[in-house]
Amino acid sequence: MIDKNLIPVSGLKREPFSGCHGGMRYFFCSDESKETFSVYVYPEPWSFEKTPDEEKEKASFPMNNEGMDAAVEWLFQMYESQKERWITAGKETMHIVNNSK
């Protein structure tokens with residue numbers, strides 16, 4: 001899914017990071033204090049900004065390597081615990097996007 005080495009902790013202090021895996025999108029961003037960061041998960045197909053808040057789940061972690069380890073583990077848990085939701089979202093992506101015209 002995601003390799004924590006792709007997201008250096010110091011990089012999150014400067015800019016957010018997003019990606020997706022199997023219908024589950026994720027968004028990492030630094031909190032205002034720059035001492036913690038938040039990770040959100042939400043279903044395909046929309047961007048973080050276009051996805052309704054009620055479809056997002058969030059967890060916060062300390063801005064250090066241990067926090068990044070915990071965040072990556074949380075992502076894996078979120079994917080596995082809601083796998084059917086993410087798979088369905090991934091399959092529905094083209095249908096939703098195509099019908100939005």
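Since we're looking at a predicted model, the values are computed, not measured.

Asks: Please clarify how the packing of aromatic side chains should be interpreted in this entry.
Replies: Given two aromatic rings, their pairing is described by the distance between the two centres and the angle made by the two planes. Per the stated rule, a full pass over the model turns up 9 aromatic pairs. Taking 6.4 Å as the distance between ring centres and 55° as the angle between the ring planes, the aromatic pair formed by Phe27 and Tyr40 counts as tilted. Within this pair, whereas Phe27 is found in strand E2 (residues 24–30), its partner Tyr40 is found in strand E3 (residues 36–43), the two being separated by 13 residues in sequence. Since its relative accessible area comes to 12%, Phe27 is described here as buried. Between Tyr40 and Phe48, the ring centres sit 4.8 Å apart and the planes meet at 65°, which makes this aromatic pair edge-to-face. You can call Tyr40 buried: its relative accessible area is 18%. The class of Phe48 is buried, set by a relative accessible area of 15%. Sitting over the ring of Phe48, Lys56 keeps its end group 3.7 Å from the ring centre.

Asks: Where do I start with the environment of Lys91 in this structure?
Replies: Relative to the elements of secondary structure, Lys91 occurs in helix H3 (residues 83–99). Relative accessible area serves as the criterion here: at 66%, Lys91 is assigned to the exposed category. In this structure the C-alpha to C-alpha distance between Lys91 and Cys29, which are 62 residues apart in sequence, comes to 27 Å.

Asks: Explanation requested: the pattern of salt bridges in the structure shown.
Replies: Between side chains of opposite charge, pairing is possible as soon as their charged atoms come close. Inspection of the entire model under this criterion finds 4 salt bridges. Its salt-bridge partner being Arg25, residue Glu44 comes within 3.9 Å of it at the nearest N-O pair. Linking Glu44 in the loop between E3 and strand E4 (57–62) with Arg25 in strand E2, this pair joins segments that are 19 residues apart in sequence. Exposure class is identical for Glu44 and Arg25. Each is buried.

Asks: What is the right way to read the nonpolar core from this model?
Replies: Buried together is how nonpolar side chains tend to be arranged in soluble globular proteins. Counting 21 residues, the largest nonpolar core has Phe28, Phe37 and Leu75 as the members making the most contacts within it. Elements represented by at least two residues in this core include exactly helix H1 (9–12), E2, E3, E4 and helix H2 (65–81). The leading source of residues in this core is H2, at 7 residues. Not counting residues within four places of it along the chain, the set of residues in contact with Phe28 comprises Ile2, Ile7, Leu12, Pro16, Phe17, Phe37, Ser38, Val39, Met68, Ala71 and Leu75. With 5 residues, the next largest nonpolar core counts Phe27, Cys29, Tyr42 and Phe48 among its residues.

So, how was this worked out
Residues numbered from 1 in each chain as written. Predicted model: local features only at pLDDT ≥ 70, side-chain atom pairs only at ≥ 80, totals over all residues. Heavy atoms only, no water. Phe/Tyr/Trp six-rings, centres within 6.5 Å; stacked < 30°, edge-to-face > 60°. Helix = DSSP H or I, 4+ residues; strand = E, 2+ residues; numbered from the N terminus. Buried < 20%, exposed > 50% of the residue type's maximum accessible area, 1.4 Å probe, protein only. Lys NZ or Arg CZ within 6 Å of the ring centre and 35° of its normal. Salt bridge = Lys/Arg side-chain N within 4 Å of Asp/Glu carboxyl O. Core = buried A, V, L, I, M, F, W, Y, C linked by side-chain atoms within 4.5 Å. Contact = heavy atoms within 4.5 Å.

Function cannot be inferred from these measures alone, as they are strictly geometric.
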